[in-house]
Amino acid sequence: MVIKNGANMARYKHGDSFSTDSYKYISKPGLSKKVIKEISAIKNEPKWMLEKRLQAYEIFKSKPMPSWGVDLSELNFDQIRYYLRPTDHQVSSWQDVPPEVKATFDRLGIPEAEQKILAGVTTQLDSEVIYGSLKNVWAKYGVEFLSMDEGLAKHADLVKEYFGKVVPAGDNKFSALNTAVWSGGSFVYVPPGVDVKLPLQAYFRINAKSSGQFERTLIIVDEGAKIHYIEGCTAPQFSSSSLHSGVIEIFVKKGARCQYTTVQNWYKNIYNLVTQRAFVEEEAEMIWADFNMGSKKTMKYPGFVLAGKGAKGEVLSMSLAGSGQHQDTGAKAIHLAPHTSSTIVSKSISKDGGRASYRGLVSVGPKAHHSKNTVVCDALLLDPQSRSDTYPVDKVFNSQVEVQHEATISKIGDDQLFYLMSRGITQKTARKMIVNGFIEDLVRKLPLEYAVEMNDLIDHEMEGGIG
Amino acid sequence: MSSVLNIKDLQVKIDQKQILQGISLTVKPGEVHAIMGPNGSGKSTLAYTLTGHPAYKVTQGEVKLDKNDLLVMSPDERAQAGLFLAFQHPTEIPGVKVQNFLRQAYRARFEGQKTKQFGSVLAFRKHLEKLAQELQINPELLKRGLNEGFSGGEKKRLEILQMAVLEPKFAILDEIDSGLDIDAIKAVATGIKRNIKKYNTGVLLITHYQRILDYIKPNFVHVIVEGKVVESGDKNLVKKLEADGYQKWS
C-alpha cells in the first residue's frame, strides 16, 4: 500500500536542508588536506578512496574557476564548510525557516508536520519504515539501493571499478572538488534483466545518512535492466550552506534503460554546480529529465557518452529563472559508436529579470557513422527585463550523420492572452495556462504526483514567487 | 427578461487612426445580423472592440449588453456576461489542452449557476464529446494543444465548438467562412445554426461573401464602408451587393 500511495511521499526531498546548528560534526570553514583526511577517517574509508580524494584536491587547486557560464566571482571557497554530519535527531527551530519558504509549503498544501521535515527541523520518523518495506521489494530482485557510504563499504569492488570513470576528477573544477570532499549520495545496482517498475526516490534513503551538499551518486544498470531514479522535490529545499556541487555517474549496460529525473528547487541563495554523465552501451538508453527552478545560479549539463552501437540518449531540460537567478543549463551528447541517436529538448522560462541560458555540446566521433542528433531549444520570456541565451556547439567528425537544431524564443503574446481572456479566463490564469502549456510535454515525463506539484509550483511562481 | 446588445455611435481608434466613425446597431436574441463591406472598412475592428482587445481605443459611444456597460468590462468579464467572438485567425496555444481549457472557460462562464455545474471532470468531458459529435468534430482534437497544428478548417470548427460550450447570448463571428471549402462552410454553417437555435444567440456575422448566407439566412444585412453603416436592409441586400459591389459608397 505504501508503495502505491506515492502522492504524499513525492513531496519529500533529498535530505539537504539541515541548519548547521545541529550537527554532530562540523568541519571548520575552508578546505585543506587535513579536512579531507578527517572526512575520510570519520567515514572509515579504504585507503584508495582517500588517495583519490587527495589527488582530486590537487586537481581542484590547479584548475582555474570557469570563465564561462554563470558569474562565480562571489563564491568564496574559504567560507564553505566541507563536511557536516547530522545528528541522529534534528532539533532546530521552526522559527528559523524563512517565511517565504513556509508560504510555499502552505501553498503546496503540505501539512505542518511534513513542512518541518522538509525544512530540516525534524527527522522524518516514518522514512525508515517506508524505506524498509521498499527495500524488501527491491532485495527480492537483487536491487541494491544504498547510501554511497554503504555502497562503498558493501560493494568496494564495484565502486572502485566505476567511481570517477565517466566523470573523472579532472573533468572540471567542481567535479574535482566533489571527488575531494564528497559525502552522501546514492549507490544503486540493478542486476541483469530486472525491470524496477516503481521509481526509486532518493527521499526514501536520506534521513539517517543525510546526503550533503557534495553528494556523489553512482548507478549501475546491468544488461537489459530498467530503472527510473528520481531525486529532489518541488517544495523548496532550504539550506544554510551556499554551495551545492554534486557528481552523478551512471552506467547503462547493453540493452538497459535508465531515466534519471531531477526536480531541483533549492532555496534562492544557492550555487548549484552539478556534473552528471552516463556511459551508455550497445542498444541501451539513457534519459535525463532535469527540472531546475530553484538556486541562485545553476550550471548543469547532463550528458551521455553513447559508446555502444545503437545507443540512445535523451536530455529533457526545463528551467525557470526568476529575479536574481541565472540558470545555465543544457546538455552534452557524445557519440562514439555507429547508429547512435540523441535528442536534446530544452525549455526555459525567464521572468522578473531572470536569465536562462542553454549551453550544449554535440560531439560526433569518427566512428559514429549513421548517427543522429536533434536539439530543440525553446525559450519563453515573460517580460522585457528577462533574458535568454543559447550557446550551442557542434563537433562533427563524420560525414554520415544528421545533426539538427531548432531554436525559438517567444514572448507571452498579447494575442494568446486575448484569445484566452475572450473565453472568460482571467489574465492571471491565462498567463499561467500559457506557461504550463509551454512545458507540458516535459512535465508529462514526470510521475503524476510530481507533475501536479510542478504545475502548482509554476502557478505559485507566476503569482510573485517565493523570493 | 429580454436580452439585447445595443451599440450606439461607436467610434474607435487604433494607433491614432480613427477606424470606426460612429456605428449603431441593436441585436436581439436569435437574430442574425450580417455585416458586410470591403477590406479595411472596420468590420474586424468592430469585432475586436466589442470583445475588448486592448489595442482598440473607444473614443466615443456606448455598448450595452442588457443593462451592463460592456466598455468598462475586461475581455474575460465580457465573455462571462455571455459575449463570444469566433476569431478569423484563432491563436495557437501550445500544450494547453483543448478539453482542459474549455473546462476552465465553462466554469468561468457559469460560475455560481447551480443548474449549470457538472459533478466531475469526467461528466464535463462527456458533455464536450457529445457536442463535438453533434458538430462533427473529431474528438481527438479535444486532447491536443489549443489550435496547435490544426488545419484552417479544424480551427474554425473548434471556434464553433467553443461557441456551443459557452452558450453565448451574443456572438460575433469574424469571417468564419474565410479559407474554407464549400463542404467545410456547410458544416460550419450547420453548427452555427444549431447553436443559434439551441441558445437563442444573437449573432453578428461578419463576411465578405454571400455563400455562407445561403445557409444562414440573416434577418438584417448592414453594409459598413469607411467605419460607418452606409446601408441596412434584409437579405435581398446581399444579392444587390453581389451584383453591384461596394463601388457606389467609395
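Residues numbered from 1 in each chain as written. Chains lettered and ligands numbered in written order. Predicted model: local features only at pLDDT ≥ 70, side-chain atom pairs only at ≥ 80, totals over all residues. Heavy atoms only, no water.

## Some words on the overall build of chain B
(1) Moving on: Helix and strand counts for chain B stand at eight helices and 12 strands.
(2) Moving on: For a compact globule of 250 residues, the expected C-alpha radius of gyration is about 18 Å, and chain B comes in at 18 Å, within 12% of that figure.
(3) Moving on: Dimensions along the principal axes, computed over C-alpha positions, put chain B at roughly 55 × 40 × 35 Å.
(4) Moving on: Within chain B, the proportion of its 250 residues that are buried is 52%.
(5) Moving on: Taking the intrachain contacts of chain B between residues at least 6 apart in sequence as the baseline, contacts between residues at least 24 apart amount to 72%.
(6) Moving on: Per element, the accessible surface of chain B, about 11600 Å² overall, is 47% carbon and sulfur.
(7) Moving on: Taken as two groups, the 36 positive and 28 negative side-chain charges of chain B have centres that lie 5 Å from each other. (Helix = DSSP H or I, 4+ residues; strand = E, 2+ residues; numbered from the N terminus. Rg over C-alpha atoms; globule rule 2.2 N^0.38 Å. Buried < 20%, exposed > 50% of the residue type's maximum accessible area, 1.4 Å probe, protein only. Contact = heavy atoms within 4.5 Å. Areas by Shrake-Rupley, 256 points an atom, 1.4 Å probe, with all protein chains shown as cover. Lys, Arg positive; Asp, Glu negative; His and termini not counted. Charge placed at Lys NZ, Arg CZ, Asp CG, Glu CD.)

## Side note on the overall build of chain A
(1) Moving on: The helix and strand inventory of chain A stands at 13 helices and 21 strands.
(2) Moving on: Here chain A, with 467 residues, has 61% of them falling under the buried criterion.
(3) Moving on: Sequence-distant contacts in chain A: of pairs separated by 6 or more residues, those separated by 24 or more amount to 86%.

## Some points on the sheet that holds strand E3 (residues 32–36) of chain B
Residue and element names in this part refer to chain B.
(1) Moving on: The strand order across the open sheet formed by six strands is E6-E9-E10-E3-E11-E12, and the pairing between neighbours is mixed. A strand with exactly one partner marks an edge of an open sheet, and here the two such strands are strand E6 (83–86) and strand E12 (228–233). Pairwise comparison of adjacent strand axes, ignoring direction, gives a mean angle of 20° for this sheet.
(2) Moving on: Two strands pair when backbone bridges link them, and E3 and strand E10 (residues 202–206) are joined in this way by four bridges, in the parallel orientation. Across the sheet, residue histidine 33 finds its bridge partner in E10, namely leucine 204.
(3) Moving on: The sheet contacts of helix H5 (residues 152–166) involve E6, strand E9 (170–174) and E10, and relative to E6 the element is tilted by about 170°. (Pairing = 2+ DSSP bridges. Axes fitted to C-alpha atoms, helices over the stretch in contact; angles between N-to-C directions.)

## Things to note about the packing of helix H3 (residues 98–109) of chain B against H5(B)
Between two packed helices, the angle of one axis relative to the other and the distance separating the axes together describe the packing.
All names here are of chain B.
(1) Moving on: The interhelical angle for the contact between H3 and H5, taken along N-to-C directions, is 35°, at an axis separation of 10 Å. By crossing handedness, the relation of H3 to H5 is classed as right-handed. Only Leu158, Leu161, Gln162, Val165 and Leu166 of H5 make contact with H3, whose side of the interface consists of Val98, Phe101, Leu102, Ala105, Tyr106 and Arg109. (Left-handed = near helix turned anticlockwise from the far one by under 90°.)

## Brief notes about the pairing of E10(B)
All names here are of chain B.
(1) Moving on: With five of its five residues buried, E10 lies for the most part within the structure.
(2) Moving on: Side chains Gly202, Leu204 and Ile206 of E10 all project onto a buried face; the interleaved residues Val203 and Leu205 project onto the opposite face, where all are buried too.
(3) Moving on: In terms of handedness, the path from E9 via helix H6 (residues 182–199) over to E10 forms a crossover that is right-handed. (Right-handed = clockwise from strand over helix to strand, strands pointing away.)

## Regarding the pattern of salt bridges
Residue and element names in this part refer to chain A.
(1) Moving on: Evaluated as defined, the whole model comprises 33 salt bridges over all chains.
(2) Moving on: Glutamate 144 is the partner of lysine 154 in a salt bridge, and the nearest nitrogen-oxygen pair spans 3.2 Å. Taken together, the residues lysine 154 in helix H7 (residues 148–154) and glutamate 144 in strand E3 (residues 144–147) connect sequence positions 10 residues apart.
(3) Moving on: Judged by relative accessible area, lysine 154 falls into the exposed class, the value being 52%. (Salt bridge = Lys/Arg side-chain N within 4 Å of Asp/Glu carboxyl O.)

## Considerations on a positive patch on the surface
All names here are of chain B.
(1) Moving on: On the surface, a cluster of positive charge is contributed by Lys193, Lys217, Lys235 and Lys239.
(2) Moving on: Position of lysine 193 among the secondary structure elements: in helix H6.
(3) Moving on: On the accessibility criterion, lysine 193 (41% relative accessible area) is partly exposed. (Patch = residues over 30% accessible without salt bridge, like charges linked within 9 Å, V, L, I, M, F, W, Y side chains within 5 Å.)

## Concerning the environment of B:Asn147
(1) Moving on: For B:Asn147, the location among the structural elements is in the loop between strand E8 (145–146) and H5.
(2) Moving on: As a C-alpha pair, B:Asn147 and B:Gln21 span 126 residues in sequence and 34 Å in three-dimensional space.
(3) Moving on: With residues up to four places along the chain from it excluded, the contact list for B:Asn147 reads A:Tyr419, B:Pro90, B:Thr91, B:Glu92, B:Lys155 and B:Leu158.
(4) Moving on: A distance of 3.3 Å separates the side chain of B:Asn147 from the side chain of A:Tyr419, its partner in a polar contact. (Polar contact = N/O pair within 3.5 Å; in protein donor to acceptor, adjacent residues only side chain to side chain.)

## Here's the deal with the packing of aromatic side chains
(1) Moving on: Under the definition given, this model contains 18 aromatic pairs over all chains.
(2) Moving on: In textbook terms, an aromatic cluster arises when at least three aromatic residues are bridged by ring pairs, as seen for A:Phe418, A:Tyr419, B:Tyr48, B:Tyr56 and B:Phe87.
(3) Moving on: The ring of A:Trp182 carries A:Lys43 above its face, with NZ or CZ at 4.7 Å from the centroid.
(4) Moving on: The residue whose ring lies beneath A:Lys173 is A:Phe60, and the NZ or CZ to ring-centre distance is 4.3 Å. (Phe/Tyr/Trp six-rings, centres within 6.5 Å; stacked < 30°, edge-to-face > 60°. Lys NZ or Arg CZ within 6 Å of the ring centre and 35° of its normal.)

## A word on the confidence of the model for chain A
When pLDDT is low, close inspection of the predicted coordinates is not appropriate.
Residues and elements named next belong to chain A.
(1) Moving on: Overall, the predicted model of chain A reaches an average pLDDT of 82, with 78% of residues at or above 70.
(2) Moving on: Here residues 86–92 is modelled with pLDDT under 50, and outside its nearest four sequence neighbours on either side it reaches 20 contacts, counting other chains as well.
(3) Moving on: Low confidence marks residues 120–130, where pLDDT is under 50. Its contacts with residues over four positions away, or in another chain, come to 31 contacts. (pLDDT = per-residue confidence, 0-100.)

## Comments concerning the environment of A:Gly184
(1) Moving on: Relative to the helices and strands, A:Gly184 resides in the loop between helix H9 (173–181) and strand E4 (186–190).
(2) Moving on: Spatially, the C-alpha atom of A:Gly184 lies 6.3 Å from that of A:Ser147, the residues being 37 residues apart in sequence.

## Overview of the nonpolar core
(1) Moving on: By size, the foremost hydrophobic cluster in this structure holds 116 residues, and its most contacted members are B:Leu10, B:Leu161, B:Val165 and B:Leu173.
(2) Moving on: B:Leu173 has contacts with B:Ala86, B:Met163, B:Ile192, B:Val203, B:Leu204, B:Leu205 and B:Ile206, leaving out every residue within four places of it along the chain. (Core = buried A, V, L, I, M, F, W, Y, C linked by side-chain atoms within 4.5 Å.)

## Quick look at the pairing of E12(B)
All names here are of chain B.
(1) Moving on: Sheet analysis places strand E11 (residues 220–225) next to E12, joined by five bridges and oriented antiparallel. By the bridge assignment for E12, valine 221 is matched with glycine 233.
(2) Moving on: Two successive antiparallel strands, E11 and E12, enclose a turn made up of two residues, where glutamate 226 displays a positive phi of approximately 50°.

## Some points on the sheet that holds strand E2 (residues 17–27) of chain B
All names here are of chain B.
(1) Moving on: In space, the four strands of this open sheet follow the order E2-E1-E4-E5, with antiparallel pairing throughout. Of all strands in the sheet, those with a lone pairing partner are E2 and strand E5 (68–69), marking the two edges.
(2) Moving on: Against the sheet, helix H1 (residues 43–51) touches strand E1 (5–14), E2 and strand E4 (57–65), its axis set at about 110° to E1.

## A short note on the confidence of the model for chain B
(1) Moving on: Per-residue confidence for chain B gives a mean pLDDT of 94; residues scoring 70 or more make up 100%.
(2) Moving on: Predicted complex metrics record ipTM = 0.97 and pTM = 0.81.

## A look at helix H10 (residues 414–421) of chain A
(1) Moving on: Of all eight residues that make up H10(A), six are buried, and the element is covered over most of its length.
(2) Moving on: Among the residues of H10(A), A:Gln416, A:Leu417, A:Phe418, A:Tyr419, A:Leu420 and A:Met421 are the ones counted as buried.

## Describing the interface of chain A and chain B
(1) Moving on: Chain A puts 17 residues into the contact, and the matching count from chain B is 30 residues.
(2) Moving on: When chain A packs against chain B, the two sides together hide about 1900 Å² of surface, and 68% of this comes from carbon and sulfur.
(3) Moving on: Of all residues in chain A, A:Phe418, A:Tyr419 and A:Arg423 give up the largest surface area on contact with chain B, accounting jointly for 42% of the area buried on that side.
(4) Moving on: Connecting chain A to chain B are two salt bridges.
(5) Moving on: The partner of A:Glu440 in a salt bridge is B:Lys97, with the nearest N and O atoms 3.6 Å apart. (Buried area = accessible area lost by both parts, 1.4 Å probe.)

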